[in-house]
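Topology and contacts: notes
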Amino acid sequence: PAHQQDFDPSKKTVVVLGSGWASTSFIKAIDTDEYNVVVVSPRNYFLFTPLLPSCTVGTVDVRSIVEPIRFITRHKSRAVKVYEAECTEIDPDHKTITLVDNSDVKGSRESSTLSYDYLIVGVGAMNQTFGIKGVEEYGCFLKEVWDAQKVRTKLMDCIETAGFPDQSPEEIERLLGIVIVGGGPTGIEYAAELHDFLIDDLTDWYPDLAGKLNITLVEALPNVLPAFSKQLIDYTESTFKEQNITIHTKTMVKEVREKEIVVQRPDGKTETMPYGLLVWATGNTARPLVRDLMAKFPNTQNIRRGLAVDDWLRLEGSESIFALGDATATKYAPTAQVAAQQGKYLARLFQQMAARDRLQKELGSDLSDDDRKKKERKLQKTQDIKPFHYSHQGSLCYIGSDKAIADLPFGAGNLASGGVATYAFWRSAYISNLFSARNRVLVITDWLKKTFLGRDISRE
Ligand code: FAD
Ligand code: NAD
């Protein structure tokens, strides 16, 4: 096919799905001298998700935390094909994928197929709704750039509508009721950013309304942030109390309606909670593409959460498909840290596989005894591929008022810290982990702008 013109037929073709933490880390490290590489992702950029909650109130601009995937691929030693498209089907028998152009602008060709020797599935996960009625229709998620933009616009819309002439007090209270469902790090960080926006900016811009804005967080478990240590959970809950953020624990959302949610309280009774803006952050579930792939391996793929892989990230049941990041169901939490380390590991594994293939080919040709022995020894080494090992660097979460919490591995134990100093650490950790120098400059500039000029309240 025409799109394979630049491919070297002597090299294997690796098709990479996704441009998130997992795939980007793989693409960064893969040696394109060894493989023909093709990237397929419906968004043509990498998104630094840890700073996405900051974009919902304008602390940081979304443009500051994205970088086009071509930023990496154009610097590779051999050309890498990048297609902005969604993979809609994987055919493991014929080793092909179907991709479609789902963008607004379409050419005469909207669908195509690609062949692969190896497929890397790094498509991430989608938002969990547990099938609760009304979530998709009325709730706002916080996963992608457009989600943060929607949350920001909707918040400003609620505030301006609350200020409309002769709005009734009950309607003002509802419109200024911001309800967040899910007390994981996403829900907590959004609540924290919203609180800061309220105190730093909205109080000055809307003196009559700001005091009426209410932030409520609903969590099904007995406490928020289940993955953090007990003292940091207590610290977060007491900080939220000081910030007037109400937390309802042991409270399950049963239904979402246009202007209210129905919840079940710890005593089993149901009640309604009116809202103006509803942010839904209850974690991940597998994407349809992932579920579809699982169904093609009924004997080996039976974890509902995601793709089952072995310790070398090979899809259970397949020799040519690898999977990593949030698309998989492993013993690790679905985090950027895990996804990035898996991507880097997989690129190393591919390097070793290329060396193994090369040696096997050479051993098939005429060689002196000496050379043969040397190569056989080398081959032995390349065949001894170490399994993936995760090294935890710690967990961080922003909790508002310039305070953050951190659980950091320390010797054989854990160092838990929370407060303003931890926030300084949080900032420096994020700055150093940002994708590019351009991102670093932009985020630092955004933070300075916020400090000296305040956040922008214009409705987009
Ligand atoms: P993603 O990063 O979600 O990437 C998936 C990619 O696949 C995307 O490019 C997507 O466009 C593409 N894709 C989707 N469908 C298809 C398809 N059909 N075909 C081809 N491509 C497809 N983790 C941390 O460790 N620390 C943090 O501070 C942190 N903060 C977070 C804050 C927020 C608001 C969120 C939502 C998550 C945060 N996480 C954090 C979790 C982290 O973002 C995820 O674990 C990580 O993104 C997983 O990486 P991934 O590459 O598997 O998936
Ligand atoms: P999560 O899975 O960590 O938390 C979801 C929360 O929602 C849970 O506490 C759960 O009990 C609660 N919940 C589920 N159903 C509910 C219901 N019906 N009603 C009320 N509460 C309900 O999800 P997340 O916060 O989106 O995080 C996803 C992943 O991304 C996690 O692995 C997390 O560690 C990672 N992440 C990390 C950071 C960070 O390190 N700062 C920030 C964001 C996300």
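Here, every reference points to the structure presented above.
A few points on the structure. (Residues numbered from 1 in each chain as written. Chains lettered and ligands numbered in written order. Predicted model: local features only at pLDDT ≥ 70, side-chain atom pairs only at ≥ 80, totals over all residues. Heavy atoms only, no water.)

Comments concerning the site of ligand 2
Keep this limit in mind: It suffices for a single heavy atom of a residue to lie within 4 Å of a molecule or strand for the residue to be listed as near it. Polar contact is defined as a pair of N or O atoms within 3.5 Å, subject to the rule that within protein one atom must be able to donate a hydrogen and the other to accept it, and that residues adjacent in sequence are counted only when both atoms are side-chain atoms. Here the accessible surface of atoms and residues is derived via Shrake-Rupley with a 1.4 Å probe, and residues count as covered only by protein chains that are part of the display. For this scheme, ten residues count as nonpolar: Ala, Val, Leu, Ile, Met, Phe, Trp, Tyr, Cys and Pro. Four count as charged, namely Asp, Glu, Lys and Arg, and the remainder, Gly too, count as polar.
As a matter of local geometry, ligand 2 sits amid 23 residues, with Thr186, Glu219, Ala220, Pro334 and Leu396 nearest to it. Between Thr186 and ligand 2, the recorded distance is 2.9 Å, taken from a side-chain N or O atom to an oxygen atom. Within the backbone of Ala220, a nitrogen or oxygen atom sits 3.1 Å from a nitrogen atom of ligand 2. Bound to the protein, ligand 2 loses 77% of the 840 Å² it would expose on its own. In the shell around ligand 2, the residues fall into 13 nonpolar, eight polar and two charged.

Quick word on the pattern of salt bridges
Put simply, the rule reads: Should a side-chain nitrogen of Lys or Arg be within 4 Å of a carboxyl oxygen of Asp or Glu, the pair is scored as a salt bridge. The secondary structure listing takes helices from DSSP runs of H or I that are at least 4 residues long and strands from runs of E that are at least 2 residues long, numbered from the N terminus. The classification of residues rests on relative accessible area computed with a 1.4 Å probe and restricted to protein chains. Under 20% of the type maximum is buried, over 50% is exposed, and intermediate values are partly exposed.
Under the definition given, this model contains 21 salt bridges. Between Glu242 and Lys403 there is a salt bridge whose closest N-O contact spans 3.8 Å. Of this pair, Glu242 sits in helix α8 (residues 230-242) while Lys403 sits in strand β21 (residues 403-410), and the two are 161 residues apart along the sequence. Classification of Glu242 by relative accessible area gives exposed; the value is 61%. For Glu362, the salt bridge goes to Lys375, with nearest N and O atoms at 3.0 Å. Of this pair, Glu362 sits in helix α10 (residues 336-363) while Lys375 sits in helix α11 (residues 369-383); the two residues are 13 residues apart in sequence, bridging distant segments of the chain.

A short note on the pairing of strand β17 (residues 277-280)
Here is the rule: Strands are labelled as partners when DSSP assigns at least two bridges between them.
Neither face of β17 is exposed, since Leu277 and Val279 on one face and Leu278 and Trp280 on the opposite face are all buried. As paired strands, strand β11 (residues 177-181) and β17 are joined by four bridges and run parallel to one another. Looking at β17, one finds that Ile180 is bridged to Val279.

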